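An overview of the molecular structure
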Amino acid sequence: MDLWDQINQPVTYAIPFFVLALVVEILSLRAHGEERAGYEQGDARNSLVMGAVSVFVSGAAKFVALIGYAVLYVHAPWHIDPRNPLSWIGVMLAVDLLWYGYHRTSHRVRVVWAAHQVHHNSRYFNYATALRQKWNPWFELLAWIPLPLLGVPPWMVFTAWSGNLIYQFWVHTETIGKLPRWFEFVFNTPSHHRVHHASDAEYLDRNYGGIFILWDRLFGTFRAETFRPTYGLTKNIESTSVFTLQYYEFGALWRDLRSSRRIRDWAGYAFGPPGWAPGDRWVSKKAKMRDQASRVASSS
């Protein structure tokens, strides 16, 4: 197995499945007519371009990470046996838990959100949106550092993460309703992930799980789907440029940092939640939106 296979093999093999799912979804959405438009040509094209570029960007980033992971792995107190099926079960669970932690952080820390927001800035929710990936995977790669430290071979880390990523593809659709109750209780599903991609105040900052939704139930971030979500950002980016969609938030963050006169404000803009401003005391986007809604209701 060569180096590129170690880093990207599972995702590469899944590409034909992704393409087939796109075609099937488009045909299914046409049957719904105007009820669920599903795709917009320019938006879908941008998503596919971002996904294609991310394969190479992510591959280069993983090559750098592989070197660091290998150093950590060599000095680990023990080494996990990849031939043991229990090792794979444990690593898959660990990867999903670490993904939950990283994913939650990416919505609560603005400098990390600046990279992650591109996956959320489409106003459509479909399999093309699933491929709308960031070109800045560095924060994500930091999330897996505990694994080589605990003796997980670097190639095993990447394989497990690729499996996690492949699973998450199918939950990006409106063509699948709610599944059996036991499945909805344990696993991430299209219904749960529609909530995650919503910009509605009731749905914000919820359902971070990758494969398992149990983490959200355990850590208090679960929200069931009760109405059709509004997709996109709370303040959408009015541009069709892939570069603007990828880097707009980094530019906005930089402008806020340059305007800061106090270290406290600088730290708030960089490490506070998206939407933070001086005097906010680190409140969440959801809390701010609810407060604004309550003020509007009381004045009407």
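Everything discussed here concerns the structure shown above.
Presented here is an overview of the structure given in this document.

Thresholds, definitions, all that
Residues numbered from 1 in each chain as written. Predicted model: local features only at pLDDT ≥ 70, side-chain atom pairs only at ≥ 80, totals over all residues. Heavy atoms only, no water. Helix = DSSP H or I, 4+ residues; strand = E, 2+ residues; numbered from the N terminus. Contact = heavy atoms within 4.5 Å. Patch = residues over 30% accessible without salt bridge, like charges linked within 9 Å, V, L, I, M, F, W, Y side chains within 5 Å. Areas by Shrake-Rupley, 256 points an atom, 1.4 Å probe, with all protein chains shown as cover. Salt bridge = Lys/Arg side-chain N within 4 Å of Asp/Glu carboxyl O. Buried < 20%, exposed > 50% of the residue type's maximum accessible area, 1.4 Å probe, protein only. Core = buried A, V, L, I, M, F, W, Y, C linked by side-chain atoms within 4.5 Å. Phe/Tyr/Trp six-rings, centres within 6.5 Å; stacked < 30°, edge-to-face > 60°. Lys NZ or Arg CZ within 6 Å of the ring centre and 35° of its normal. Axes fitted to C-alpha atoms, helices over the stretch in contact; angles between N-to-C directions. Parallel < 35°, antiparallel > 145°, perpendicular 65-115°, else oblique. Nonpolar A, V, L, I, M, F, W, Y, C, P; charged D, E, K, R; others polar. Polar contact = N/O pair within 3.5 Å; in protein donor to acceptor, adjacent residues only side chain to side chain. Left-handed = near helix turned anticlockwise from the far one by under 90°.

**Section: the environment of V195**
- Mapping V195 onto the fold places it in helix 10 (residues 190–196).
- Ignoring anything within four residues of it in the chain, the contact list for V195 reads Y203, R206, N207, R223, A224, E225 and P229.

**A closer look at a nonpolar patch on the surface**
- Together, F63, V64, I67, V71 and W138 make up an exposed nonpolar region whose accessible area comes to about 500 Å².
- For the nonpolar patch, the element with the highest residue contribution is helix 2 (residues 41–74), accounting for 4 residues.
- Mapped onto the elements of the fold, I67 is located in helix 2.
- With a relative accessible area of 52%, I67 lands in the exposed category.

**Some words on the nonpolar core**
- Counting residues in each nonpolar core, the largest one holds 26 residues, and the members touching the most others are Y69, V95, L141 and W144.
- Among the secondary structure elements, those contributing two or more residues to this core are helix 2, helix 3 (85–108), helix 4 (110–116), helix 8 (154–169), helix 12 (242–259) and helix 13 (263–271).
- Looking at this core element by element, the count peaks at 5 residues for helix 8.
- Those residues in contact with W144 that sit more than four places away from it in its chain are Y69, V95, L98, W99, V157 and W161.
- Listed in part, the 21 residues of the second largest apolar core include Y39, A44, A128 and I211.

**Describing the packing of aromatic side chains**
- Tallying each qualifying case throughout the model produces 23 aromatic pairs.
- Here the aromatic residues Y167, W170, W182, F183, F187 and F212 are joined through ring pairs into a cluster of three or more.
- For R217, the ring lying beneath its charged end belongs to F222, and the centroid distance is 4.0 Å.
- Directly above the ring of Y248 sits R255, whose terminal nitrogen or CZ lies 6.0 Å from the centroid.

**Some details on the pattern of salt bridges**
- Under the defined criterion, the tally for this structure stands at 9 salt bridges.
- For E238, the salt bridge goes to R123, with nearest N and O atoms at 2.8 Å. Placement of the pair is E238 in the loop between helix 11 (214–219) and helix 12 and R123 in the loop between helix 4 and helix 5 (127–130), with a sequence separation of 115 residues.
- For R123, a relative accessible area of 42% corresponds to the partly exposed category.
- R228 is the partner of E174 in a salt bridge, and the nearest nitrogen-oxygen pair spans 2.8 Å. With E174 in the loop between helix 8 and helix 9 (181–186) and R228 in the loop between helix 11 and helix 12, this pair connects stretches of sequence that are 54 residues apart.

**Focus on the packing of helix 2 against helix 12**
- Across the interface, helix 2 lies against helix 12 with an axial gap of 9 Å and an inter-helix angle of 70°. Put simply, helix 2 runs roughly perpendicular to helix 12. Each of N46, V49 and M50 in helix 2 lies in contact with helix 12, whose residues at this interface are V242, L245 and Q246.
- Considering only residue class, the contact of helix 2 with helix 12 consists of 4 nonpolar, 2 polar and no charged.

**A closer look at the side chain of T129**
- Among the structural elements, T129 can be located in helix 5.
- Judged by relative accessible area, T129 falls into the buried class, the value being 1%.
- Engagement of the side chain of T129 in a polar contact is seen with the backbone oxygen of Y124, the distance being 3.0 Å.
- Setting aside its immediate chain neighbours within four residues, T129 contacts S47, H119, S122, Y124 and H197.

**Quick look at the side chain of N188**
- With respect to the helices and strands, the residue N188 is situated in the loop between helix 9 and helix 10.
- Given the relative accessible area of 0%, N188 is considered buried.
- At 3.1 Å, the side chain of N188 and the backbone oxygen of G210 are in polar contact.

**Points about unusual backbone geometry**
- With a phi angle near 60°, D205 is a residue other than glycine that sits in the positive phi range.
- Within the secondary structure layout, D205 lies in the loop between helix 10 and helix 11.
- Since its relative accessible area comes to 10%, D205 is described here as buried.
- The backbone of N207 shows a phi angle near 55°, a positive value even though the residue is not glycine.
- Tracing the sequence through the fold places N207 in the loop between helix 10 and helix 11.

**What to know about the packing of helix 3 against helix 8**
- Contact geometry for helix 3 and helix 8: axes closest at 9 Å, N-to-C directions at 65°. Handedness of the helix 3/helix 8 crossing: right-handed. Of the residues in helix 8, those touching helix 3 at S87, W88, V91, M92, V95, D96 and W99 are W155, M156, T159, A160, W161, N164 and Q168.
- Within the contact of helix 3 with helix 8, the residues separate by chemical class into 9 nonpolar, 4 polar and 1 charged.

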